[in-house]
Amino acid sequence: MTPVLSVKPLLAILLALGLPAVLVSSRSANLREAWTFGAAGAMLAVIASMVPAVLGGACLEWTLVSILPGLALQLRVDAFGLLFALVSSSLWIVTTLYSIGYMRGLQEHSQTRYYCFFALSLAAAVGVAFSANLLTLYLFYEMLSFATYPLVTHHQDGEARASGRKYLAYILGASIGLVLPAMLMVHHLAGTLDFTAQGILDGHAGTSQTAALLVMLVFGFAKAGIMPLHAWLPAAMVAPTPVSALLHAVAVVKVGVFSVVRVMSGIFGADFLARLHLGTLVAVVASITIIGASLIALSQDGLKRRLAFSTIGQLSYIVLGAALLSPSGLSGAMLHIAMHAFGKITLFFCAGAIFVATGKKYISEMKGIGWAMPVTMGAFFIGALSVIGLPPCGGFISKWYLLMGTLEADRIALLFVILASSILNAAYFLPIVYQAFFCSPAESRFERRMHEAPRWCVVPPVVTALASVGLFFYPQPFLALARLATGALLGGP
Amino acid sequence: MWDDFVRLAVAKANYWIYIVLMCIGLWGMIVKGNLVKKIIGMNILQTAIILFYVSIASKAGATLPIITHHGPGTDSIQAVGHINPLPHVLMLTAIVVAVATLGVALALAMRIHRDYGTLEEDELLAMMREK
Amino acid sequence: MSVHYPALVVVMPVVAALIIAILAWVHPSRALPVAVAALAAAAGAAAMMLVRVLAHGPFAYHLGGWPPPVGIAYEIDHLNALVLAVMAAVALINLLAVWPQAEQRFAERTVFFYALYLLFCAGTFGILVTGDAFNLFVLLEITSISGYALIGLGRRDAALASLNYVFMGTIGASLYLLGIGYLYLVTGSLNMADMAAILPRIQDSRVVTAAFIICMTGLFMKMALFPLHGWLPNAYSQAAGPVCSLIAPLTTKTMIYVMVRIGLYVFSPQFTFGRLDLARAMVWLAVMAIVFGSLTALAQTNLRRMLCYVVVAEVGYMVGGFWLGTRTAMTGAILHIVNDAAMTLCVFLVVGTIGHQLKSDTFDTLRGAFRRMPWTMAVMVVAGLSLIGVPPTCGFFSKWYLLGGALAAGHWGLAGALVFSSLVNTLLFFRIFEIAYFEPVNTGNYGHAAPLRYAEAPPAMLAPMIAAAMGLIVLGLLTGEIVTRLIAPAIPAAIP
């Protein structure tokens, strides 16, 4: 990788970071939303413009300020970071569209505040993606924690308050209590915090020290939702649905797994972890989460809660893929960030559309809804297929790579974990779709008459569902980026 | 044994005196419930330290540090023959500080008395708790 | 002119205080411009000295032209140039922020408030620049006495709180004076540099040990180190808002500076950290201070008292960092003096403003505060994040060094206490934010629903406050510069 000096990564972050200033000063709602679209579009354009350079083998760098001796706030765009940034920023546009339909449809209060903090969250998520060292990553990670708090607690009622508490307790408790000391220890041992392809701890830390640091860092990034630090995610579902969709299926939670993968590859190094057999440790933890979360999801009646537990399980796929330390596993993990994002956001969009149109939140109340909302439920079906990992959806590709990875790493047990989980996924998603369409008129809770949500609540899930299908047939550029990133991290092809 | 003790007590008399005074002052500040008595204790504490400084300036057989013979051709000044003037000068400042502290403390005590009609600490605390 | 900066920093506020005291009879309304001008001049001089130290290194100023050890020398080096510049800025920003509040609150007594304010600043700045141990005592008492009087200006119960502070403060100052007396006894000098040259030759003497312990004990009382902190919460929470936001950032931090100065530059680091095993005990005391301060803060229902206990915990940070005696931890302790002064200014300004605008500082008053005072609360959020230790605010970076030093030294107690305190601070501030964000505005008594009254402070008060909040972030981003160019040269080479 050849480092190239470029202001583009900073520009991408500043586009979202500066947006609140414009939003606060703009008087009308239309103007406010136009600005948001403008910023989101510009951000995607800037990020997309970096793709050719990165695919050409360059990595774009920009040093903001040398904040401590030998430690700078530094941005570096490599293939992995770019992949994540591309997913987040493209979905931000769709989500903004959806937000307009949802927030106006429900006549939510404080919409300016909502759009401001949404922009800040996106800036932080892209910042995490572009961080060149652990300190910068930590800075943006914490910024994301605080920027999402007003979004999670948007309704400002008792339930929001309790959830907000839980959210902060888990996220901040883990990041201050585990990540911060671990980061200082790493700095003390290695003398640097830069992410490098080989890791920085090799030769500086003993086995037990490394194991302790790994545990602190993997659990410390609680946004990854690894059990037992997952309980904040179902609680955070009190947020308005667009927040759940973009932040709690894509940006926030993926920032968590992104950080975990980044730390495992950039700080510890794949070789080092493999030599100490520490990948297995993480793989076991992730497997427990995958199976556990899927089982819990089966028993949830709240649609958003079921989706939340599904997310917890799917996040651990990514951690598991990275923990395999094999090329296909790592590629699969990175691809899954993108593929799961498109699938899960569709599901959340649909859940929100159902809520806006009918006010229903529980799966048991949704019998026969397919006749009232065929478009929404059709999109839901595609999203579900993608998350389960069936063709013709993008989810199939990432799952394929993950399965390949388990074979490459020669871990048949993990192969069965993924297969078992896929069956469980099907078991908790497909009945929803089945009941929506195939139930007797007597059981149906809905009249057989079209009653869709407002237009801007329906178009986005259709778009993302189509994108999910599209990604099956044309997985570029994500596949290329994931392969490139894997090559850079593992040193292989 | 006894002789040693007496010799020690006499030779270091100034230290004993200032320590005893200091303890009296501290005792007054801690134990007494009346604010004015506490203030008196504080003043005794400060005075004890002033006495300590003044006492360490003295030397056996020395006289006042007033130089009468100076200028060219006279004998050089024998520092041994004069007590050390510096601690005295320092203590002039310390006395001013002590007076200022006393003034502020008394002013505060007067305000407390005006507002609450008492200077007994336990009564004051009781009145504050009731409020 | 430029050679006189060290003296000007002290003399300007004193002269201005006298002028204001005289103006009180003729033109009370002119007092404010005089006070602002004097503090601005002092802050300017402090900034110029910082620039000079950065360019040419430490320099000294001999008062009245008498060379030390006979005369009093003001010695400016990297350490005090840094602390002085920040403290002068804090004093100036605070005056700019609180004068409208002070004029309303103190009415015709405002003039005396300004005079005392300037005397307090003069004393503080003097403590920072002086190189003479006895002069330091005098300036310490100037600061303290004006501080007692300022606190006495507060509400009804303030007089008793202030009087208790007088007692504790006087014991502390007297102990310091006694310690200096013993040092004078064995070195025959009061000049710090001179003493530092003589002390290594006689450091086995028991008198030196006694002097050290007595001196430090006095300072611990003055800096409110647990368990000698009893005076602080009462005195600060009873003081008037404008007074509190001056005294809280300056007093304890200045005393910690004095501890650093005496520990490193009068006694040698070998003596301070090597002798007596005192250092180990002190770190554990600091751990207790942090834990006790944090837990007690949790139990408070009054905003100001809560912050007072946070200050007690923060004192523990710096004391712990100092007594660890390693370079990283020392860097953290010194950096935290500066950062904590800025953070404390910020939070106490906010609390003072809330107290002034909403007439109370219990948690209940805060209901709906985000709607009622959005800008003030925004400053509170920044200051809160800094106290929690979130990058890029300055609080994170001093914690970085302190925690890094503790981990590197293998002192798990201190490291644990620092993390614990961060977590408790999160709890403390988010409890406030929750009340201010979620709860509806207090409805008035007797069923009269109070409308959601916008109660934001006037721009004259807001602007300095926002500047202070920005300062927290700027200080944070400048950490690298501060550490390499000011703190690194300030730490003696003898510290590993």
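Given the structure is predicted, the values throughout are model-derived calculations rather than measurements.

What follows concerns the interface of chain C and chain A. Taken together, the contacts link 30 residues of chain C with 37 residues of chain A. When chain C packs against chain A, the two sides together hide about 2800 Å² of surface, and 76% of this comes from carbon and sulfur. Among the residues of chain C in contact with chain A, W400, Y437 and F438 of chain C are the three that bury the most area, contributing 27% of the side total. Remark: the boundary between chain C and chain A carries two salt bridges. In this structure, R161 of chain A and E434 of chain C form a salt bridge, with 3.2 Å as the shortest nitrogen-oxygen distance. Where chain C touches chain A, the interface holds five residue pairs in polar contact (both at pLDDT 80 or more).

Residues and elements named next belong to chain C. Overall, the prediction assigns chain C a mean pLDDT of 88, with 97% of residues at 70 or greater. Across residues 442-449 the pLDDT falls below 50, and counting only partners more than four positions away or on other chains, this stretch makes eight contacts in the model. Scored as a complex, the prediction yields pTM 0.90 and ipTM 0.91.

Attention now moves to the nonpolar core. In terms of nonpolar packing, the biggest core is built from 436 residues, with W92 and F130 of chain A together with W323 of chain C touching the most fellow members. Those residues in contact with W323 of chain C that lie beyond four places of it in its chain are F212, M216, F220, M259, T272, F273, L278, A279, M282 and V283 of chain C.

What follows concerns the sheet that holds strand β3 (residues 71-77) of chain A. Two orientations exist for strands paired in a sheet by backbone hydrogen bonds: parallel and antiparallel. Residues and elements named next belong to chain A. The strand order across the open sheet built from three strands is β1-β2-β3, with neighbouring strands paired in mixed fashion. Only two strands of the sheet have a single neighbouring strand rather than two, namely β1 (2-5) and β3. Pairs of neighbouring strands in the sheet enclose a mean axial angle of 40°, with direction left out of account. As paired elements, β1 and strand β2 (residues 58-68) share four bridges and run parallel to each other. Across the sheet, residue T2 finds its bridge partner in β2, namely A58. Relative to the sheet, helix α1 (residues 8-17) contacts β2 and β3, its axis offset from that of β3 by approximately 95°.

What follows deals with unusual backbone geometry. Residue and element names in this part refer to chain A. Residue P392 is bonded to the preceding P391 through a cis peptide linkage, with omega at 5°. If you check the backbone angles, D410 has positive phi at about 60° while not being a glycine. If you trace the backbone, D410 turns up in the loop between α18 (394-408) and α19 (412-437).

Rules behind the numbers
- Per-chain numbering applies: the sequence of each chain, read as written, is numbered from 1 onward.
- A letter from A marks each chain and a number from 1 marks each ligand, given out in the order of writing.
- Owing to the predicted nature of the model, reporting of local features is limited to residues with pLDDT of at least 70; listing and counting of side-chain atom pairs is limited to 80 or more, with chain, interface and lining totals taken over all residues.
- Hydrogens are left out, water is left out, and the side-chain values use all remaining heavy atoms of the structure.
- Any two residues having at least one pair of non-hydrogen atoms within 4.5 Å are treated as being in contact.
- Buried area: the accessible surface (1.4 Å probe) lost by two parts on joining, summed over both.
- Within this document, salt bridges are pairs made up of a side-chain nitrogen of Lys or Arg and a carboxyl oxygen of Asp or Glu, the two lying within 4 Å of each other.
- Contacts described as polar in this section are N or O atom pairs within 3.5 Å, which, within protein, must combine one atom able to donate a hydrogen with one able to accept it, while residues neighboring in sequence count only if both atoms come from side chains.
- Looking at any residue, its pLDDT shows the predictor's confidence there, from 0 to 100.
- We define a nonpolar core as any set of buried Ala, Val, Leu, Ile, Met, Phe, Trp, Tyr and Cys residues linked to one another through side-chain atoms lying within 4.5 Å.
- Buried, partly exposed and exposed residues are distinguished by accessible area as a fraction of the type maximum, computed with a 1.4 Å probe on protein chains only: under 20%, between the cut-offs, and over 50%, respectively.
- Pairs of strands are assigned from DSSP output, requiring at least two bridges between the strands.
- In DSSP terms, a helix is any run of H or I states spanning at least four residues, a strand is any run of E spanning at least two, and both are numbered starting from the N terminus.
- The axes are straight lines fitted to the C-alpha atoms, using for helices just the contacting stretch, and the angles between their N-to-C directions are given from 0 to 180°.

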